[in-house]
Amino acid sequence: DFNGHDHKDLRDKLYNIARHVIDDMGYDDVVWRLWWSRFDQIVDWVIGHETEWRKNWDKAYTEGKGSTDINGFTLSARADRIDVHDDQIALIDYKSAGSYTQSKIKSGEYPQLGLEALIVSDQGFQGVAHTTVSHVSYWIMKGKAEINSVIAVEEDLDDLITCTRQQMVDLI
């Protein structure tokens, strides 16, 4: 929960979570030191961005599993994150590298978010009752604050879903 916490408190909490994850995965201190500098470079950006984001978006489902049937073919996905506000859905995928653009998302060249939006529109994600996708984005965290970014699409999402469905039908 990012509300009501100061930056230092959030930073400390994130470091503790990261350390527990590394320990739980059985990684040794060499691995932790390797990833520590990168983690250290993105943590402040994450806190700032997440604090602003949470002003307009509520509940977050992480690693949400979903599926839908398209002409007898089961399309399944695991969404990094699904956020809800009123009856609106935001789909977020975290990336550590790559050169993502709105046009490549809209064209289906990067199909992941379109496929997840299609599953949402078919009420295919467990625990997610709403079907109106109003935001899809890649949150790209490369390391240094000045190169972390968000590539978002908030327009023509019904068209994206329709195109994605047709691409799946054509593929099947």
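Residues numbered from 1 in each chain as written. Predicted model: local features only at pLDDT ≥ 70, side-chain atom pairs only at ≥ 80, totals over all residues. Heavy atoms only, no water.

As paired strands, strand β1 (residues 60-70) and strand β2 (residues 73-85) are joined by 10 bridges and run antiparallel to one another. What sits directly across from glycine 64, in β2, is alanine 79. In this structure, the hairpin formed by β1 and β2 is closed by a connection of two residues, where asparagine 71 is found at a positive phi of approximately 50°. (Pairing = 2+ DSSP bridges. Helix = DSSP H or I, 4+ residues; strand = E, 2+ residues; numbered from the N terminus.)

In this section: the packing of aromatic side chains. Scanning all chains against the criterion turns up six aromatic pairs. Summarising the aromatic geometry, the rings of tyrosine 100 and tyrosine 110 are spaced 4.8 Å apart at their centres and angled 50° between planes, so their arrangement reads as tilted. With tyrosine 100 in the loop between β3 (88-95) and α3 (102-107) and tyrosine 110 in the loop between α3 and α4 (112-121), this residue pair connects regions lying 10 residues apart in the sequence. Among the residues examined, tyrosine 110 registers a relative accessible area of 22% and is labelled partly exposed. By way of ring pairs, the aromatic residues Trp53, Trp57, Tyr94 and Trp139 are connected into one cluster. (Phe/Tyr/Trp six-rings, centres within 6.5 Å; stacked < 30°, edge-to-face > 60°. Buried < 20%, exposed > 50% of the residue type's maximum accessible area, 1.4 Å probe, protein only.)

Here we take up the confidence of the model for the protein chain. When pLDDT is averaged across the protein chain, the result is 88; 96% of the residues are at 70 or more. Taken element by element, the protein chain is modelled with least confidence in helix α2 (residues 29-53), mean pLDDT 82, and with most confidence in α4, mean pLDDT 96. (pLDDT = per-residue confidence, 0-100.)

The five strands are arranged β1-β2-β3-β4-β5 in an open sheet whose pairing can be described as mixed. Pairing within the sheet leaves two strands with one partner each, and these edge strands are β1 and β5 (149-153). Each strand of the sheet is rotated relative to its neighbour by a mean of 40°, with strand direction disregarded. Here eight bridges tie β3 to strand β4 (residues 132-140), and the two strands are oriented parallel to one another. Within β4, the position partnered with alanine 90 by the bridge is histidine 135. (Axes fitted to C-alpha atoms, helices over the stretch in contact; angles between N-to-C directions.)

A positive phi angle, near 50°, is found at asparagine 71, a position not held by glycine. When you line up the elements, asparagine 71 lands in the loop between β1 and β2. You can call asparagine 71 exposed: its relative accessible area is 59%. Although it is not a glycine, aspartate 156 adopts a positive phi angle of roughly 60°. Following the sequence through the fold, aspartate 156 ends up in the loop between β5 and α5 (157-171).

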